[in-house]
Amino acid sequence: MRLLKKSMVIGLAMSTILALIVGCSGNNGNDKESDQPKDGKVTLKYLDWAPDEERKSQQKSFDAFMKAHPNIKIDYQSVPEDEFTSKLTAMAASKTLPDISAMREAEALRWDESGILLDMSKYYEDGTISPKMDSNKFVSPDGKLLGYSVANEIIILHYNKQIFDDAGLPYPPAETDKAWTWDQMLEVARKLTVDKNGKHPNEDGFDKDNIVQYGIDVNHAADFFWTPFAISNGGGEVSQDGKELLINKPETIEAIQKVADLALKEYVSPTPAQAQGLPGDVGQKLASGKVAMATSGQWELVNIGPQVEKGLKNGVGVLPIFKKPATTNTGLPLVIYNTTKHPDEAIELYKWLMDPNQNQANFDSGVWMPTELSWYTDPELIKKWTATPVHPPEYKTAVIDYALKATYPTPWFFLPTYSRLGEVLNPGLDPVWLGEMTAQEAIDAIYPQMKEIFDSGKANP
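Because the structure is a prediction, the values reported are computed rather than measured.

1. A closer look at the nonpolar core
One finds Tyr46, Met120 and Met293 to be the most contacted residues of the largest nonpolar core, which totals 141 residues. Every residue in contact with Tyr46, bar those within four places of it in the chain, is listed here: Gln58, Phe62, Ile74, Asp75, Tyr76, Gln77, Ile100, Ser101, Ala102, Leu334, Leu349 and Leu353.

2. Some words on the environment of Asn197
On the secondary structure map, Asn197 appears in the loop between β7 (194-195) and β8 (211-218). Since its relative accessible area comes to 53%, Asn197 is described here as exposed. Residues Asn197 and Lys249, spaced 52 residues apart in sequence, show a C-alpha to C-alpha distance of 41 Å.

3. Quick notes on the pairing of strand β1 (residues 42-48)
Across the seven residues that make up β1, a large majority, six, are buried. As paired strands, β1 and strand β3 (residues 100-102) are joined by two bridges and run parallel to one another. Note that in β3 the partner of Leu47 across the bridge is Ser101.

4. Structural notes on the sheet that holds strand β12 (residues 334-336)
Taken together, four strands build an open sheet; the order of strands is β2-β1-β3-β12 and the sheet is mixed. Where the open sheet ends on each side, the last strands, each with one partner, are β2 (72-78) and β12. Taken over all neighbouring pairs, the strand axes of this sheet differ in orientation by 20° on average, direction set aside. Its contacts with the sheet put helix α4 (residues 84-93) on β1, β2 and β3, and the angle it makes with β1 is roughly 140°.

5. A word on the environment of Asp281
Its location among the elements puts Asp281 in the loop between α11 (272-275) and α12 (282-288). Considering only alpha carbons, one finds Asp281 and Ser269, 12 residues apart in sequence, at a separation of 15 Å. For Asp281, the side chain forms a polar contact with the main-chain nitrogen of Gly283, separated by 3.0 Å.

6. Considering empty space enclosed by the protein
Applying the stated criterion to the full structure yields four cavities of 30 Å³ or more. What the largest cavity holds in volume is close to 80 Å³. Put simply, the parts of the chain that give the lining of the largest cavity at least two residues each are α9 (223-232) and β13 (407-409). If you tally residues by element for the lining of the largest cavity, the top one is α9, at three residues. Considered as a void within the structure, the second largest cavity measures approximately 60 Å³ in volume. Lining the second largest cavity we find Val218, His220, Val259, Ala260, Ala263, Ser269, Pro270, Thr271, Pro272 and Trp433. Taken together, the residues of the lining of the second largest cavity sort by class into seven nonpolar, three polar and no charged.

7. Some remarks on unusual backbone geometry
A positive phi is found at Lys95, a non-glycine position, where the angle reads about 55°. For Lys95, the location among the structural elements is in the loop between α4 and β3. If you check the backbone angles, Tyr267 has positive phi at about 65° while not being a glycine. Structurally, Tyr267 is set in the loop between α10 (250-264) and α11.

Conventions used here
- Residues numbered from 1 in each chain as written.
- Predicted model: local features only at pLDDT ≥ 70, side-chain atom pairs only at ≥ 80, totals over all residues.
- Heavy atoms only, no water.
- Core = buried A, V, L, I, M, F, W, Y, C linked by side-chain atoms within 4.5 Å.
- Buried < 20%, exposed > 50% of the residue type's maximum accessible area, 1.4 Å probe, protein only.
- Contact = heavy atoms within 4.5 Å.
- Helix = DSSP H or I, 4+ residues; strand = E, 2+ residues; numbered from the N terminus.
- Pairing = 2+ DSSP bridges.
- Axes fitted to C-alpha atoms, helices over the stretch in contact; angles between N-to-C directions.
- Polar contact = N/O pair within 3.5 Å; in protein donor to acceptor, adjacent residues only side chain to side chain.
- 1 Å grid on protein atoms, 1.4 Å probe; cavity = no way out; pocket = protein on both sides within 12 Å on 5 of 7 lines; lining within 4 Å.
- Points joined across faces, edges and corners; volume = space filled by probe spheres on them.
- Nonpolar A, V, L, I, M, F, W, Y, C, P; charged D, E, K, R; others polar.

Below, the structure is given as structure tokens:
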């Protein structure tokens, strides 16, 4: 979803977390007279950072909930995205925390370290809330279940079918066991990369400074976008059990360099400077004809949808591999604060928001994927959430089956230090994407700091 996409690359200032830890002890003030029901209704405070269209969609969901639960009123507060953390910190300090809120993935374990999030374990264990997919579980090192993603999202390959048709090339593989190798992808990307004179990168006279169509745009805006390739190569950022830092493994470094070289040496993908001249989102890039393929989140379908309405023939495929199929998944969690004075009602709202049956609009737009396994295996449920034109025919194998077969959860689901690691890693790799350092040089420079953070085991410094 859009607020998912935007939240992924925003780190939490460490000072705000420390301030939170100092200032959030005790209850949140919901025992004030002004917070007690006066009309027989319980009021639940909900906080998020939804942009305009999503705010309207969210309000519709709340309206339906209040109609079905006439004893509950929702005080919905949505703030600008860049103000969300400071707002939540101020609410913690003033003991006016919401009952329930959205939470940035990278911040969940950091806020949990302050001790204000409700352990949801018993509600899932006793069946109060329907089971969700394990790949979407936010859990603390001591086993505390903070919740699950409200939507599952994986990294996939998006492409413009018309460009492939015009070039006489077969579409990218849509099945996990038929994925391109990295070299196969590169060869196709060369054929689809064209300069102003119609030449390709492997032809004499190719003008790398005047490319009119790129074969592929590999997203490396944040680490979880490129880590599928490192995992595929036998590396990664950290191990899936959270016990080993893998960023300095040769397999990881090789994958990072291969991604960078798509722009720096192969000329099939835009450099950061060239990317500034491209349309904004993946849908616009594909529809413009300036990019044939793009790796990014499944949620990009919400941006692709308007272009489909204008005639774009969009396609989806599995990512290319080095040694094994791999994709990463993510999705922001909903959390309940243990300071709530209305836990039963908060659970009812949580159940509603986490129920796929209440989120059809988000499935129709392509911005969400469900978090319950049955919606990936039951043919009728699959039809229910993939019925719109933005979901192409190959979606079942390229996304649904792929999610079940090849998902490696992004470590912010389970590793407290992951967000802090990213705050070093992501800017540390900028010189690699710019061609100023090799992947080996960049990792060598930042590894000691990353190792120190990893060994600390702490979400907050």
